[in-house]
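Overview (structure and organization)
Chain by chain, the residues:
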Amino acid sequence: MLAVLALIAIVVLWAVWTFNRLIADRNQMRAAWSDIDVQLLRRHDLTPQLVTAVKAYADHERTTLATITELRTRTREASALADRAHLEDQLGTQIERLLALQESYPDLKSNQNFLQLQRDLVAIEDHLQYARRFYNGAVRQLNTRIEHFPELIVARLAGFQRGEFFEAEAQQRSAP
């Protein structure tokens, strides 16, 4: 009888310990997404300033500028992670095009405001890439724990769901 009670106590303690690790993994994933969100917000805040700086030099590039403005609005309204990731990738591509305009406009290359915005944007993109890698690592850790036996028993009983990876668009992926 004592052995059965001890076994039950061990199983309960293991289940509590596993549940707490799953909670920590899920919170790590959420915090990592929050880090991505902060970098995306910084990029969104910087984008109108960059567009304004370029407008004076590139009036006939209105299509690119309009696309950036529209994508910025749509990404803020997107609720699903996959939709938002897709729109953010499109926005990143358009911002790269905008930055490439400096080659066509020598005066823009020497504009200090544009150069500072460009440096800020490059720094944000670097932070964003790091945040995406960190988030995907947190998702991988949670998903692995949810799928491992015997942790999957606790995960299923507690209703834990797999996390969604932040994936690059097909055209941005490098060939194997």
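Quick look at the structure, then. (Residues numbered from 1 in each chain as written. Predicted model: local features only at pLDDT ≥ 70, side-chain atom pairs only at ≥ 80, totals over all residues. Heavy atoms only, no water.)

**Description of the overall build of the protein chain**
The secondary structure content of the protein chain amounts to 6 helices and 0 strands. In the protein chain, the succession of helices and strands from N to C terminus is α-α-α-α-α-α. Expressed as a percentage of the 176 residues in the protein chain, the buried residues total 39%. Once local pairs closer than 6 in sequence are excluded, the contacts in the protein chain between residues at least 24 apart make up 76%. Just so you have it, the protein chain exposes about 10,800 Å², and 56% of that area is on carbon and sulfur atoms. (Helix = DSSP H or I, 4+ residues; strand = E, 2+ residues; numbered from the N terminus. Buried < 20%, exposed > 50% of the residue type's maximum accessible area, 1.4 Å probe, protein only. Contact = heavy atoms within 4.5 Å. Areas by Shrake-Rupley, 256 points an atom, 1.4 Å probe, with all protein chains shown as cover.)

**Examining a nonpolar patch on the surface**
Together, M1, L2, V4, L5, I8, V12 and V16 make up an exposed nonpolar region whose accessible area comes to about 740 Å². Examined against the element boundaries, I8 turns out to sit in helix 1 (residues 2-55). (Patch = residues over 30% accessible without salt bridge, like charges linked within 9 Å, V, L, I, M, F, W, Y side chains within 5 Å. Salt bridge = Lys/Arg side-chain N within 4 Å of Asp/Glu carboxyl O.)

**Some thoughts on the packing of aromatic side chains**
Taken as a whole and judged by the stated rule, the model has 3 aromatic pairs. With a centroid separation of 5.8 Å and an interplanar angle of 75°, the aromatic rings of F19 and F160 are classed as edge-to-face. With F19 in helix 1 and F160 in the segment after helix 6 (151-158), this pair connects stretches of sequence that are 141 residues apart. Residue F160 is classed as buried on the basis of its relative accessible area, which comes to 8%. Measuring from centroid to centroid gives 5.7 Å for W33 and Y135, while their planes differ by 65°, and the two rings are edge-to-face. Here W33, found in helix 1, pairs with Y135, found in helix 5 (residues 112-147); they are 102 residues apart in sequence, far enough to count as distant. (Phe/Tyr/Trp six-rings, centres within 6.5 Å; stacked < 30°, edge-to-face > 60°.)

**Things to note about unusual backbone geometry**
Across residues other than glycine, the phi torsion is negative in most instances, and most of the peptide bonds are trans. Looking along the chain, the bond that leaves F149 and enters P150 is cis, with omega of 10°. As for its placement among the helices and strands, P150 is situated in the loop between helix 5 and helix 6.

**Observations regarding helix 3 (residues 81-100)**
Its 20 residues give helix 3 an end-to-end C-alpha distance of 28 Å, which sits within 8% of 28 Å, the value for a rise of 1.5 Å per residue. Along helix 3, the residues that are buried comprise L81, R84, A85, L87, E88, D89, L91, G92, Q94, I95, L98 and L99. (Expected span 1.5 Å × (residues − 1).)

**Things to note about helix 6**
Of the positions making up helix 6, those classed as buried are E151, L152, V154 and A155. With its buried residues spanning 160° around the axis, helix 6 presents them on a single face. Exposed residues on helix 6 whose side chains face more than 90 degrees from its buried face are R156 and L157. A positive phi of about 80° marks G159, the residue just after helix 6. (Arc of directions from axis to C-beta.)

**With respect to the environment of E147**
Structurally, the position occupied by E147 is in helix 5. Separated by 15 residues in sequence, E147 and R162 place their C-alpha atoms 8.9 Å apart. The contacts of E147, once residues within four sequence positions are left out, are L152 and R162.

**Quick look at the pattern of salt bridges**
For the structure shown, the criterion picks out 5 salt bridges. For the salt bridge of E151 with R21, the shortest nitrogen-to-oxygen distance reads 3.2 Å. Taken together, the residues E151 in helix 6 and R21 in helix 1 connect sequence positions 130 residues apart. Exposure remark for E151: the relative accessible area of 12% places this residue in the buried category. Judged by its relative accessible area of 23%, R21 falls in the partly exposed class. For D25, the salt bridge identified is with R145, shortest N-O distance 2.3 Å.

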